[in-house]
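Spelled out, the chains give:
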Number of protein chains: 2
Amino acid sequence: MKHSHKRDAICEVLKSKRDHPTADMVYERVREKYPEISLATVYRNLAQLCTEGTIIKIGAAGRERYDIDTSDHTHFFCDECGEVYDVFSDLNFTGLAKAESEIGCKIDFAHITFRGHCKNCMAKAGN
Amino acid sequence: MKHSHKRDAICEVLKSKRDHPTADMVYERVREKYPEISLATVYRNLAQLCTEGTIIKIGAAGRERYDIDTSDHTHFFCDECGEVYDVFSDLNFTGLAKAESEIGCKIDFAHITFRGHCKNCMAKAGN
DNA sequence: TTTGAAAACGATAATCGTTATCGTTTTTGT
DNA sequence: ACAAAAACGATAACGATTATCGTTTTCAAA
């Protein structure tokens, strides 16, 4: 895909620190390279990158986050610190066909997110 | 739980038509009984009912919906018509422990939503 | 290398769902 | 009946995101 310089810089931000930043966080980071960039440009390019499939949006209650890893994986949201972690382990679940037949629908996606307490927060609480 | 008249009417709206309405939809419906009710009152009471555990919020990308069925169940969102359906079939999934050990976390909730095409929309498309 | 159209941009206004404020009204317990 | 607490309506404020618009940059064809 052909990208503008600023769009490239936004990709670079997503690639270099894979912590699922919000638009604001991307804005702050890309300003290190382009101090004059507008927040509108960040939103515009994030939207475009989503449309073309380069990145994905992982909605978390009124505050979108962005992930450059478009492979099939799950996200874990820490309820304590708000951090988001990738989970790549396979999750097989049974009952999907039964769910489909229950309401007579075709399930295209089963979207799973985890919530709980992350390693760091558990370590802190443990002491 | 002790409720005001208007809070009761809001519950009644949720009970009588279990289609996971948005706050706006609740507002429209409760106005049939209380034409003078304010949208603020609807939001206020929906929030309160969530807090006390009488109803649940099922967030769907920037637009909350409300469900008076607080039992453990899943929701199916039709990508075509936007309708939301309840799914009560059990879904067992394996790999949760592996996911926990992968990132060293404690998973408290696994939140699942389905997306796809509902019965009605498939029937329409089929002709 | 000029040129002109398309794409991208910055600034900022607008939008949308939701929440907060505040002065008034209703409910409740005594 | 009465005071305190809860609920209310109107509306302003909020925060995240999107739209607008006039300007600037890019890039390919001439």
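Everything below is about the structure printed above this text.
The present account deals with the structure reproduced in this document. (Residues numbered from 1 in each chain as written. Chains lettered and ligands numbered in written order. Predicted model: local features only at pLDDT ≥ 70, side-chain atom pairs only at ≥ 80, totals over all residues. Heavy atoms only, no water.)

With respect to the pairing of strand E3 (residues 74-78) of chain B
Residues and elements named next belong to chain B.
Now for step 1: Most of E3 is tucked away, with 5 of its 5 residues classed as buried.
Now for step 2: Of the two faces of E3, the one holding Thr74, Phe76 and Cys78 and the one holding His75 and Phe77 are both buried throughout.
Now for step 3: With 4 bridges joining them, E3 and strand E4 (residues 84-87) adopt antiparallel strand pairing. Paired with His75 across the strands is Asp86, a residue of E4.
Now for step 4: From the end of E3 to the start of E4, which pair antiparallel, there are 5 residues, and Gly82 there has a positive phi angle of about 80°. (Buried < 20%, exposed > 50% of the residue type's maximum accessible area, 1.4 Å probe, protein only. Helix = DSSP H or I, 4+ residues; strand = E, 2+ residues; numbered from the N terminus. Pairing = 2+ DSSP bridges.)

Details of the packing of helix H1 (residues 5-16) of chain A against helix H2 (residues 23-30) of chain A
All names here are of chain A.
Now for step 1: The geometry of H1 relative to H2 is characterised by a closest axis approach of 10 Å and an angle of 110° between their N-to-C directions. With respect to their mutual orientation, H1 and H2 come out roughly perpendicular. Contacts between H1 and H2 involve Ala9, Ile10, Val13 and Leu14 on the former and, on the latter, Val26, Arg29 and Val30.
Now for step 2: Classifying every residue of the contact of H1 with H2 gives 6 nonpolar, no polar and 1 charged. (Axes fitted to C-alpha atoms, helices over the stretch in contact; angles between N-to-C directions. Parallel < 35°, antiparallel > 145°, perpendicular 65-115°, else oblique. Contact = heavy atoms within 4.5 Å. Nonpolar A, V, L, I, M, F, W, Y, C, P; charged D, E, K, R; others polar.)

A word on the protein's contact with DNA strand C
Now for step 1: Close contacts around DNA strand C come from 17 residues, with Ser4, Arg7 and Thr41 of chain A together with Tyr43 and Arg63 of chain B the closest.
Now for step 2: Counting only the atoms of DNA strand C within 4 Å of the protein, the fraction contributed by sugar and phosphate is 69%.
Now for step 3: Within the backbone of Glu64 of chain B, one N or O atom sits 3.0 Å away from a phosphate oxygen of DNA strand C.
Now for step 4: Listing elements by their share of the surface near DNA strand C, those giving two or more residues are H1 and helix H3 (39-51) of chain A together with helix H3 (39-51) of chain B. (Near = heavy atom within 4 Å. Polar contact = N/O pair within 3.5 Å; in protein donor to acceptor, adjacent residues only side chain to side chain.)

Focus: the relation of the copies chain B and chain A
Now for step 1: If you rotate chain B by 179° and push it 0.0 Å along the axis, it lands on chain A with an RMSD of 0.1 Å. Between the two chains, the operation in question is that of a two-fold axis. For chain B, the smallest separation between a C-alpha atom and the rotation axis is recorded for Phe93 of chain B, amounting to 2.0 Å.
Now for step 2: Interface residue correspondence from chain B to chain A reaches 100%, placing this contact among same-surface, isologous pairings. (Least-squares fit on C-alpha atoms with pLDDT ≥ 70 in both.)

A word on the protein's contact with DNA strand D
Now for step 1: Near DNA strand D there are 17 residues, and of these Tyr43 and Arg63 of chain A together with Lys6, Arg7 and Thr41 of chain B occur at the shortest range.
Now for step 2: Looking at DNA strand D alone, sugar and phosphate atoms form 69% of those within 4 Å of the protein.
Now for step 3: Here a phosphate oxygen of DNA strand D and a side-chain polar atom of Asn45 of chain B are 3.0 Å apart.
Now for step 4: Breaking the surface near DNA strand D down by element, the ones donating at least two residues are H3 of chain A together with helix H1 (5-16) and H3 of chain B.
Now for step 5: Per-element tally for the surface near DNA strand D: the top contributor is H3 of chain B, with 4 residues.

What about the pairing of strand E6 (residues 106-117) of chain A?
Now for step 1: By the bridge criterion, 4 bridges tie strand E3 (residues 74-78) of chain A to E6 of chain A in an arrangement that is parallel. Bridge pairing in E6 of chain A places Cys78 of chain A opposite Gly116 of chain A.
Now for step 2: Pairing of E6 of chain A with strand E6 (residues 106-117) of chain B involves 11 bridges; the strand directions are antiparallel. By the bridge assignment for E6 of chain B, Ala110 of chain A is matched with Phe114 of chain B.

Considering the interface of chain B and chain A
Now for step 1: Of the residues lining the interface, 34 residues belong to chain B; the matching set on chain A comes to 34 residues.
Now for step 2: Interface of chain B and chain A: buried area, both sides summed, is about 2,900 Å²; carbon and sulfur atoms make up 57% of it.
Now for step 3: If you sort the residues of chain B by the area they bury against chain A, Glu102, Ile103 and Arg115 of chain B come out on top, with a joint share of 17%.
Now for step 4: Summed over the shared surface of chain B and chain A, the result is 0 salt bridges.
Now for step 5: Linking chain B with chain A are 16 residue pairs in polar contact (both at pLDDT 80 or more).
Now for step 6: Taken together, the elements giving at least two residues each to the side of chain B that touches chain A come down to E4, strand E5 (92-94), helix H4 (96-103), E6 and helix H5 (119-126) of chain B.
Now for step 7: Of all the elements, E6 of chain B adds the most residues to the side of chain B that touches chain A, at 12 residues.
Now for step 8: Partitioned by chemical class, the residues of the side of chain B that touches chain A number 17 nonpolar, 9 polar and 8 charged. (Buried area = accessible area lost by both parts, 1.4 Å probe. Salt bridge = Lys/Arg side-chain N within 4 Å of Asp/Glu carboxyl O.)

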